[in-house]
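A closer look at the structure
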Amino acid sequence: MQAYEIYQTIKPSIISDLFQWMRDEERDLYKHTIATLANDRKLRPVFVQKKSVAEQIAWVHKTLKLKSSNMIGEHLFQVYFMQGQQELLVAFCDAMEIEHDGKGSVDGDLPETLDADKLKAAVDTLVEKFDPQLISLYLRVFNLQTDNGWDSLTEILASDERLALSAA
């Protein structure tokens, strides 16, 4: 699943949280995102900036659902998790015994394989502490970090009902 497909599927409240965090904490990134997406759509950024915050977020979300916005959409997810959800990253890395810098940034290369039993235990632990939709989003973004994802992670994302991405 690519980033634009995630934006098509995930419940809007997760996206609202992401962009509200970005607007509050990473103002320059928020402005740059609007400018980039507006330019890609052949619009002036002021067209979007004049909208209410809720309308801006809805417009950005709608635009990130387009295949042409895949790269920027993936980058935004990465920034959100690396800077806005460090506790989740640290918990996942610790549970998977992946070396990291204490903030969830992996030291060295990502593992070539993910142990299925460790992964299941990690998901169980994360579900107790965090919103399952947020965990699902993170694991899907993490799975994008290698060309074809990790088989064990792809399997658990497909089979564990707690990690269903859609709002339905």
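It should be noted that the structure appears before, not after, this text.
Let us look at the structure shown here. (Residues numbered from 1 in each chain as written. Predicted model: local features only at pLDDT ≥ 70, side-chain atom pairs only at ≥ 80, totals over all residues. Heavy atoms only, no water.)

Regarding the nonpolar core
The biggest cluster of nonpolar side chains holds 53 residues, and the ones touching the most others in it are Phe 19, Phe 77, Phe 81, Phe 92, Leu 139 and Leu 153. Counting residues per element, this core draws most heavily on helix 9 (residues 132–143), which supplies 7 residues. Filtering out sequence-adjacent residues up to four positions away, Leu 153 remains in contact with Leu 114, Leu 119, Leu 139, Phe 142 and Asn 143. (Core = buried A, V, L, I, M, F, W, Y, C linked by side-chain atoms within 4.5 Å. Buried < 20%, exposed > 50% of the residue type's maximum accessible area, 1.4 Å probe, protein only. Helix = DSSP H or I, 4+ residues; strand = E, 2+ residues; numbered from the N terminus. Contact = heavy atoms within 4.5 Å.)

Structural notes on the packing of helix 3 (residues 27–40) against helix 5 (residues 53–64)
In the contact formed by helix 3 and helix 5, the axes pass within 11 Å of each other and the chain directions differ by 55 degrees. The orientation of helix 3 with respect to helix 5, classified from their angle, is oblique. Considering the relative orientation of helix 3 and helix 5, their crossing is left-handed. On helix 5, the residues that touch Tyr 30, Thr 33, Ile 34, Leu 37 and Ala 38 of helix 3 are Val 53, Gln 56, Ile 57, Trp 59, Val 60, Thr 63 and Leu 64. A per-class count over the contact of helix 3 with helix 5 returns 9 nonpolar, 3 polar and no charged. (Axes fitted to C-alpha atoms, helices over the stretch in contact; angles between N-to-C directions. Parallel < 35°, antiparallel > 145°, perpendicular 65-115°, else oblique. Left-handed = near helix turned anticlockwise from the far one by under 90°. Nonpolar A, V, L, I, M, F, W, Y, C, P; charged D, E, K, R; others polar.)

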